[in-house]
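Structural characterization, general
Here is what each chain is made of, one letter per residue.
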Amino acid sequence: MSTISITVNGKQKSGDAQGNTLLVDFLRSELKMTGTHVGCDTSQCGACVVHVNGESVKSCSVFASACDGATVTTIEGMANDDGSLGVIQAAFQEQHGLQCGFCTPGMVMSIAEMLKNNPQPTEAEIREGLKGNICRCTGYHNIVKAAQSAAAALAGAAQAAE
Amino acid sequence: MYSFDYTKPTDLSAAVDSLGTEGAQAMGGGQTLIPVLKQRLSQPSILVDLSGIESLKGIRRMGDMLVIGAGTTHGAVAGSSDVSGAIAGLTELAGKIGDPQVRNRGTIGGSLANNDPAACYPSAALALGATIETNKREIAADDFFQGLYATALEEGEVITAVKFPIPVASTYQKFEQPASRFSLTSVFLAKMADGSVRVGVTGAGADGVFRHAGLEQALSANFAASAVDGVEVSAEGMSNDLHATPEFRANLVKVMTKRAVEALS
Ligand SMILES: Cc1cc2nc3c(=O)[nH]c(=O)nc-3n(C[C@H](O)[C@H](O)[C@H](O)COP(=O)(O)OP(=O)(O)OC[C@H]3O[C@@H](n4cnc5c(N)ncnc54)[C@H](O)[C@@H]3O)c2cc1C
Ligand code: FES
Ligand code: FES
């Protein structure tokens, strides 16, 4: 057992981890941040996606100890400072991009990385970028629409800022 | 998972020392190893995470060779202009591995060391005639892969880099198994500077990755999709599972090779 320290959504957090403690278990059980979900625990579904040092990873497939000193962003960090939904989250709500919502935290985190690297993705690029995220409810159509609408909203916001 | 100790050394010699401990195991990106550990199919005493060793990462061109550090992620390979400028087939291959999250963590060294019969990189290493560099020696790709999940690596030996000769042209044609995202049957085709054509096949062989001599001869003599028609690709030695029969895989070898030739024509 050792104590590790991670900057989660801008706040320094410390906790105990064994050699085999997964990042997702550290977030959920040690830090009590349960927004990140475990859908499969076999690296397949992407419900557990978070960002480590700016890159999306499946937090069920990364050890917590490997993230000692790292910067992690989870779904809890995607809302605006006043607690209202962030742009990608709001797009999911508007486009009916979720039904049960179990996959949504991972979807939002994957889309956030996708739009950072490619602000104007085509539909094919969105579907390709969401290959690691499985949804058993929606049939993906409205998730793609949410990603498109978030891309448009972010582009509009960027233009307005210029 | 069984319990184990975890260490993340920042230099190779410390990693090699730790790997000398009884029951120690190396970890690259963990994208294969962590699922294996969860299934309790492996019980290391100590896990030596190689991802903190900067000297194992990076891509550089050395004359007519492209050298990729063993700890370089699939995503870094897919996004590298040094790679796409030299070996376009590797860009295609790395960009089609799994999904973005797997590509952000998984490494070329881990993929080669694991030698999964459906993994992508082994076909490129064979087709390009790569050299696998370890902390002890250099191993030719033709000698490196030794059947399902088996390689020439010795206990505690660490892959440090992979040296790829730069071909005239190359492409990777992946026929994906959509549930696993691995290859059902895929072909890496390289046209080398000496005029030879080399064909690496993954996902198909019951003994893992292989080169196909018949296809290589036919295409070296006549680089045309029609040349593939005359080659017999036998179902014997092809793997058989719920996803595909040996006959289906044998047919796919020809189909994917033709697509590769067309992509380069
Ligand atoms: C959902 C999913 C989809 C995937 N799809 C594909 C795909 O389409 N194609 C594909 O090719 N792969 C695929 N993979 C596997 C992925 O590419 C892995 O990254 C790769 O097989 C292993 O690399 P790693 O760095 O994660 O190695 P690890 O999982 O860390 O290690 C694998 C093995 O290699 C050993 N090892 C690691 N690094 C070294 C080294 N430098 N020297 C010596 N031994 C070492 C370890 O001890 C272990 O035995 C997929 C994986 C997942 C989870
Ligand atoms: S819980 Fe991590 S990929 Fe499904
Ligand atoms: S909304 Fe239910 S799993 Fe995606």
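Structure: see above.
Report on the accompanying structure.

Cut-offs used in this document
- Residues numbered from 1 in each chain as written.
- Chains lettered and ligands numbered in written order.
- Predicted model: local features only at pLDDT ≥ 70, side-chain atom pairs only at ≥ 80, totals over all residues.
- Heavy atoms only, no water.
- Helix = DSSP H or I, 4+ residues; strand = E, 2+ residues; numbered from the N terminus.
- Expected span 1.5 Å × (residues − 1).
- Buried < 20%, exposed > 50% of the residue type's maximum accessible area, 1.4 Å probe, protein only.
- Contact = heavy atoms within 4.5 Å.
- Polar contact = N/O pair within 3.5 Å; in protein donor to acceptor, adjacent residues only side chain to side chain.
- Near = heavy atom within 4 Å.
- Areas by Shrake-Rupley, 256 points an atom, 1.4 Å probe, with all protein chains shown as cover.
- Nonpolar A, V, L, I, M, F, W, Y, C, P; charged D, E, K, R; others polar.
- Core = buried A, V, L, I, M, F, W, Y, C linked by side-chain atoms within 4.5 Å.
- Salt bridge = Lys/Arg side-chain N within 4 Å of Asp/Glu carboxyl O.

1. Quick notes on helix α12 (residues 246-264) of chain B
Residue and element names in this part refer to chain B. Compared with an ideal rise of 1.5 Å per residue, which puts 19 residues at 27 Å, α12 spans 27 Å between its outermost C-alpha atoms and is within 8% of the ideal. For α12, the set of buried residues is Pro246, Arg249, Ala250, Leu252, Val253, Lys254, Met256, Thr257, Ala260 and Val261. Elements that come into contact with the buried residues of α12 comprise β9 (169-176), β10 (183-191), β11 (197-202), α10 (213-221) and α11 (225-229).

2. Description of the environment of B:Glu216
All names here are of chain B. Residue placement: Glu216 occurs in helix α10. The exposure class of Glu216 is buried, given its relative accessible area of 10%. C-alpha of Glu216 to C-alpha of Gly28: the two residues are 188 residues apart in sequence and 33 Å apart in space. Apart from residues no more than four positions distant in its own chain, Glu216 is found in contact with Val197, Arg198, Val199 and Arg211. Polar contacts involving the side chain of Glu216 include one to the side chain of Arg211, which spans 2.9 Å.

3. Observations concerning the site of ligand 1
What surrounds ligand 1 is a group of 34 residues, the closest being B:Ala26, B:Gly28, B:Leu33, B:Thr107 and B:Arg181. Chains contributing residues near ligand 1 are chains A and B. Here B:Gln25 contributes a side-chain N or O atom positioned 3.3 Å from an oxygen atom of ligand 1. Protein contact buries 94% of the 970 Å² of open area that ligand 1 shows by itself. For the shell around ligand 1, the secondary-structure elements that each account for two or more residues are β2 (24-27) and α7 (108-114) of chain B. Here the element with the most residues in the shell around ligand 1 is α7(B); it accounts for four residues. Looking at the shell around ligand 1 residue by residue, the class counts come to 14 nonpolar, 15 polar and five charged.

4. Section: the nonpolar core
Membership of the largest hydrophobic core comes to 37 residues, with the highest contact counts inside it found for B:Ile87, B:Leu90, B:Leu112, B:Tyr121, B:Leu128, B:Phe164 and B:Phe188. Elements with a contribution of two residues or more to this core: β5 (65-69), α4 (81-86), α5 (88-95), α7, α8 (121-128), α9 (141-144), β8 (159-165) and β10 of chain B.

5. Structural notes on the pattern of salt bridges
Under the criterion given, the structure shown has 17 salt bridges over all chains. Between A:Lys58 and B:Asp99 there is a salt bridge, with its nearest N and O atoms 2.6 Å apart. With A:Lys58 in strand β4 (residues 55-58) and B:Asp99 in the loop between α5 and α6 (100-105), the pair connects residues from two separate chains. Of the two residues, A:Lys58 and B:Asp99, both sit in the buried class. Put simply, A:Glu128, A:Lys131, B:Lys174 and B:Glu176 are held in one network by salt bridges that share partners.

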